[in-house]
Each structure stands twice: as structure tokens, then as C-alpha cells.
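# Structure at a glance
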Amino acid sequence: MTTNSKDPVPMPSSGNHPPIGMPRSSQGAQSKDAVALLTADHDKVKQLFREYERLQNIGDISLKADLALQICMELEIHTMIEEEIFYPAVRAETGDEDMVRDAIQEHAEAKELIAHIQGMSGDDPDLDSTVAMLRKAIEHHVQEEEQEMFPQARQGGADLTALCEQLADRKEQLEHDMGARPLRSGTREAVGERSAIGKADS
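Residues numbered from 1 in each chain as written. Predicted model: local features only at pLDDT ≥ 70, side-chain atom pairs only at ≥ 80, totals over all residues. Heavy atoms only, no water.

### Some points on the side chain of His42
Within the secondary structure, His42 sits in helix H2 (residues 34-58). A polar atom in the side chain of His42 sits 3.2 Å from the side chain of His78. With residues up to four places along the chain from it excluded, the contact list for His42 reads His78, Glu82, Val142, Glu145, Glu146 and Phe150. (Helix = DSSP H or I, 4+ residues; strand = E, 2+ residues; numbered from the N terminus. Polar contact = N/O pair within 3.5 Å; in protein donor to acceptor, adjacent residues only side chain to side chain. Contact = heavy atoms within 4.5 Å.)

Right under this line is the structure:
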């Protein structure tokens, strides 16, 4: 125990950790770490797909159509910040051209489905099947990123904190440009990213 008068700074205590009872550690890291931010995006979209499935089952055509567009916009923003900021950093850090090229190719396939969905009405008989195809493609892509690319990014020497700030700034700009806003004030998907993420693996 050193009681050095030159060092009056108190030792950090539990005040270091935010008093928010988040169930997973990645929640706390979300604002500081690029991988955690992107994983939070993945969790939010998984939740929105589940919400879509619920609306599909109860036959709410109007809200279902709006939610399909919300999913498309979330994915458009997410793919853009990955391609503009995260993937170049991963490529520079790992030198793994093939992994990044595959991820961009999967984005291109998802973008085709997104464009198709954006041109559909809520009562289009092909809407549900197209959203299901998009969900399957995204789930595959997310699994590859979270099991291969993200661990490599964490093991590398990239500054994930600085990268997170760039991603968050660009995301905010894109949300503003695209007019991102809650779909309906009372619906589950409008409650906000954090609560959506919290329920994502229920």
C-alpha cells in the first residue's frame, strides 16, 4: 500500500463502470469499440427481422411494409459504413484480400434484394419470400463476420476505438441524410437500438 502524497488521484472503483445493467459485456463496449458497434447493428437487424415475422403472422400489411423498408435502410447504412471505413482497415491490418472481397460480394447480393424490396408494396405476394431471402443472406453474412473477420480485427493492431468514432460519425451522417427516424413511436422496433439489442437473443 503506497501512500504517496505525490499521487492524490483516487484508485478507480466501480464508478468506472456505467451503472447500466447490461446483460453482456459487449453492450458496455459498444460506444468504444468498432467491432462491438457493428455487432450491435447486427443484433438490431436480427430483432427487426423477428418483428417482421411477427407482423407477417398477424397479417399487418401496412406496418409490415414499413418495417421491410426500415430493415432495408438499416442494412444500407450498415453496409456503407463497413465498406467505406471498416473493411479497408481490416484489409490493411490483416492483408486478407479474399475475406474482404467475399464480404463485399455478399453485400452486393444483399443490395440486390434490398432494391427489390424497396420497389414492392405491402400486399405484394412476393414480399414475405423476398424478405425471408434477405434474412437468410444477412444471417449467413453476419455469422461469417462475427466468427472470422471480427476476431481477426480484434487480434490485429488496429485502433478499434478510433475506428468506432469514425463509424459512428458516418452512421449518424447517413441516418440524417436518409431521414432515419423511428417507424412508429409505439412499436418495438422504435424503442431504440439499445432495447432492441437487449432483446436480440431472446
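### A word on the packing of helix H3 (residues 61-94) against helix H4 (residues 97-118)
Following both chains from N to C, one finds H3 and H4 inclined at 165°, their axes separated by 10 Å at the closest point. If you check the angle between H3 and H4, you find them roughly antiparallel. Handedness of the crossing formed by H3 with H4: left-handed. Between H3 and H4, the residues in contact are Ala68, Leu69, Cys72, Leu75, Glu76, Thr79, Glu82, Glu83, Tyr87, Val90, Arg91 and Thr94 and Glu97, Met99, Val100, Ala103, Ile104, His107, Lys111, Ile114, Ile117 and Gln118, respectively. (Axes fitted to C-alpha atoms, helices over the stretch in contact; angles between N-to-C directions. Parallel < 35°, antiparallel > 145°, perpendicular 65-115°, else oblique. Left-handed = near helix turned anticlockwise from the far one by under 90°.)

### Digging into helix H5 (residues 127-155)
Because an α-helix packs 3.6 residues into every turn, residues spaced three or four apart end up facing the same way. With 29 residues, H5 ought to run about 42 Å at 1.5 Å a step, and its terminal C-alpha atoms sit 40 Å apart, in line with that. Where H5 bends most, the angle comes to about 40°, and this point is Glu145. The set of residues buried in H5 consists of Leu127, Thr130, Val131, Leu134, Arg135, Ile138, His141, Val142, Glu145, Met149, Phe150 and Ala153. Where the residues of H5 are buried, they touch H2, H3, H4 and helix H6 (160-177). (Expected span 1.5 Å × (residues − 1). Bend = angle between axes of the 7 residues up to and from the residue. Buried < 20%, exposed > 50% of the residue type's maximum accessible area, 1.4 Å probe, protein only.)

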